[in-house]
Amino acid sequence: MQMNITETARVIRSKNAGPFELTLDIIFKSEYWYKYFKNNNIINTKVISSLYGVNESDILGIIWFEPANAVKATMVRRISSGAAGETDIYGAQQHAPLLGITFDYSE
Amino acid sequence: MTPEITKYDEFVVLSPTAILGYGFPIESFKRGIDEKPNLIAVDAGSTDPGPYYLGSGHSFTDREFVKRDLRIMINAGLENSVPVVIGTAGGSGSLPHLKWCEEIINEIAAEDEISFKMAVIPSDISKETVSTALKSNKIRPLKGVKELTQDLIEQSTGIVAQMGMKPFIEALNQGCDVVLAGRSYDPAVFAALPVSKGYDVGLSLHMGKILECAAIASTPGSGADCALGRLRNDSFILEPLNPSRKFTCESTAAHTLYEKTDPYHLPGPGGELDLTDCSFTQITENSVMVKGTKFIPEKTNTVKLEGARVVGYRSISIAGIRDPLMISAIDTILEEVKQAVENMGKIDNGDIYFHVYGKNGVMGPLEPLPPEEMRSHELAVVIEAIGDTQKKADTLCSVTRSTLLHFGYENRISTAGNLAFPFSPSDIRMGEVYEFSIYHLMEIEPEFQVIIKTVGK
């Protein structure tokens, strides 16, 4: 069954992690979905780099954080926050590509 | 020697608001005071609003509201003999920010006829100190940051170092009623006093890390409400001070992720917080207990430096586009306009950026939606011109605006003008453009000077 990530996540957001990094958070609705995503490796460096059109080497890490049933991906910012050519100083509206993640669900 | 903390001890910290000047409901604050806090602490800054504020010395918070928050906090602190600690004064914590905040405190003291002992702790680092450290290989960039150069040091308007707990402890040991500090590691503002009394460093800093955002870590979150922390010998407890909010395991753990690269390992001055064995337990309907956080001291003491430099001057113009033919060819048109302006020789030492809202104004080059899938029936274009003087930026903005307005693009049928301007004048001077020039670790711990003053009367 084809599913969209928004059916499984409570929070999907982006934000600066300091002025030189952008971090993406996905907080799942339950431990079940957290484990499903983790065990099936649905969020990985390759997925994030292709969604955002950035090099895999610019993805600093994918970290699974069980206490919050969350996964986080952090990338190097294209330019530092507020430098010439900036579009989003806080990095708070860079999450939309994540909303399009779909996966084939099987129990 | 500090006495050992037993299970009967408790250290209560009141955090009024996420950032000084964001405000808080007075009822929440009073509930916090009723809990007899040992400390009132607040974080006053952030790098989030961008490099302009550090570089220019201006605050991103409003003076009237900073004064309002401080007046309530300082008066309550004095009445109840509770120290009030403020970190990263003025938003970025450099000398102009510190002075700005000190002036506000002096005004409050004069108007309310109060007098108290205050410590002021500047965090500015001289360019000589940074240069010397650079020459002796004691400076390294944080992730995504270029190597530091002597030129970048020279060009930076102010350089601050993020202080840890030490200067706060020194100030509080001298019995100060108020501590006003420059750039600070946010958790240190909250943790210094309990750590000086013997509470666990890891738990104190972790509690500070959450309380520095006050009610943001509760649910529903708010940047303008109070929160309370109770530190114990083996844990800490987070409580809301507004009956409409709760701290839940979920909200607290989720906050741990916020704005961090790695939620398990949180580096700071003097060492790292290790959350690998951390547990969150719901102990009442609205409060959470946290256990297991460890502090791993680092071998060499490092301090984070921040600096910003001017890279030019900016002028902008805002306009709308409704013509479907123009919208369908917008990329080509903007490229041709840029080229036309360049051909007139007006672009030397200048740059033009088009922010096209309705297309990719928010994500720029990161926007994954292909242009042919764009469905907007109207676009907003922000013309951004950057020059090496304000005059040049104005000229570049003006010429780009007039060129775009009357540009005869292919197949055009609307020949009176391509842009809808909402304002006259159409162009806005934005002043200096800054960028973060320094975001590096220095392997030398600077001496932060603690200046003791008597305020008022």
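Everything numeric here is computed off the predicted structure, so don't read it as measured data. (Residues numbered from 1 in each chain as written. Chains lettered and ligands numbered in written order. Predicted model: local features only at pLDDT ≥ 70, side-chain atom pairs only at ≥ 80, totals over all residues. Heavy atoms only, no water.)

S.K.: Please give an account of the packing of helix α1 (residues 26-34) of chain B against helix α3 (residues 63-79) of chain B that cites residues and values.
M.R.: Residue and element names in this part refer to chain B. Packing of α1 against α3 brings their axes to within 12 Å, and their N-to-C directions diverge by 20 degrees. In this view, α1 runs roughly parallel relative to α3, as classed from their interaxial angle. Like other packed secondary-structure pairs, α1 and α3 cross with a definite hand, here right-handed. Contact with α1, carried on its side by Ile26, Phe29 and Ile33, involves Arg68, Ile72, Met73 and Ala76 of α3 and no other residues of that element. Tallied by class, the residues present in the contact of α1 with α3 amount to 6 nonpolar, no polar and 1 charged. (Axes fitted to C-alpha atoms, helices over the stretch in contact; angles between N-to-C directions. Helix = DSSP H or I, 4+ residues; strand = E, 2+ residues; numbered from the N terminus. Parallel < 35°, antiparallel > 145°, perpendicular 65-115°, else oblique. Left-handed = near helix turned anticlockwise from the far one by under 90°. Contact = heavy atoms within 4.5 Å. Nonpolar A, V, L, I, M, F, W, Y, C, P; charged D, E, K, R; others polar.)

S.K.: Give me the lowdown on empty space enclosed by the protein, citing residues and values where you can.
M.R.: With the rule as written, the count across this model stands at 3 cavities of 30 Å³ or more. Empty space within the largest cavity amounts to approximately 60 Å³. (1 Å grid on protein atoms, 1.4 Å probe; cavity = no way out; pocket = protein on both sides within 12 Å on 5 of 7 lines; lining within 4 Å. Points joined across faces, edges and corners; volume = space filled by probe spheres on them.)

S.K.: Describe helix α2 (residues 45-52) of chain A, listing the residues and the values that go with them.
M.R.: Residues and elements named next belong to chain A. The complete set of buried residues in α2 reads Ile48, Ser49 and Tyr52. All buried residues of α2 fall inside an arc of 95 degrees around its axis, so they share one side. More than 90 degrees from the buried face of α2, the exposed residues found are Lys46 and Ser50. In this structure, the buried side of α2 is in contact with β3 (21-28), β4 (59-65) and β5 (70-76). One side-chain oxygen of the residue at the start of α2 lies 3.0 Å from the amide nitrogen of lysine 46, identifying that residue as asparagine 44. At the exit of α2 stands glycine 53, carrying a positive phi of roughly 60 degrees. (Buried < 20%, exposed > 50% of the residue type's maximum accessible area, 1.4 Å probe, protein only. Arc of directions from axis to C-beta. Polar contact = N/O pair within 3.5 Å; in protein donor to acceptor, adjacent residues only side chain to side chain.)

S.K.: If you had to explain the sheet that holds strand β3 (residues 84-87) of chain B to someone new, which residues and values would you point to?
M.R.: Residue and element names in this part refer to chain B. One open sheet holds the 10 strands; their spatial order is β12-β13-β9-β8-β1-β2-β3-β7-β4-β19, and the pairing between them is mixed. Taken across any chain shown, the strands that pair with only one partner, and hence form the sheet edges, are β12 (279-282) and β19 (451-455). Sheet twist, expressed as the mean angle between neighbouring strand axes with direction ignored, is 20 degrees. Alignment of strand β1 (residues 11-15) against strand β8 (residues 227-231), held across 5 bridges, turns out to be antiparallel. Counterpart to serine 15 in the pairing with β8 is alanine 227. Contacts from α1 reach β1, β2 (39-43) and β8, with the element oriented near 170 degrees to β1. (Pairing = 2+ DSSP bridges.)

Bear in mind that shape data such as this cannot, by itself, settle questions of function.
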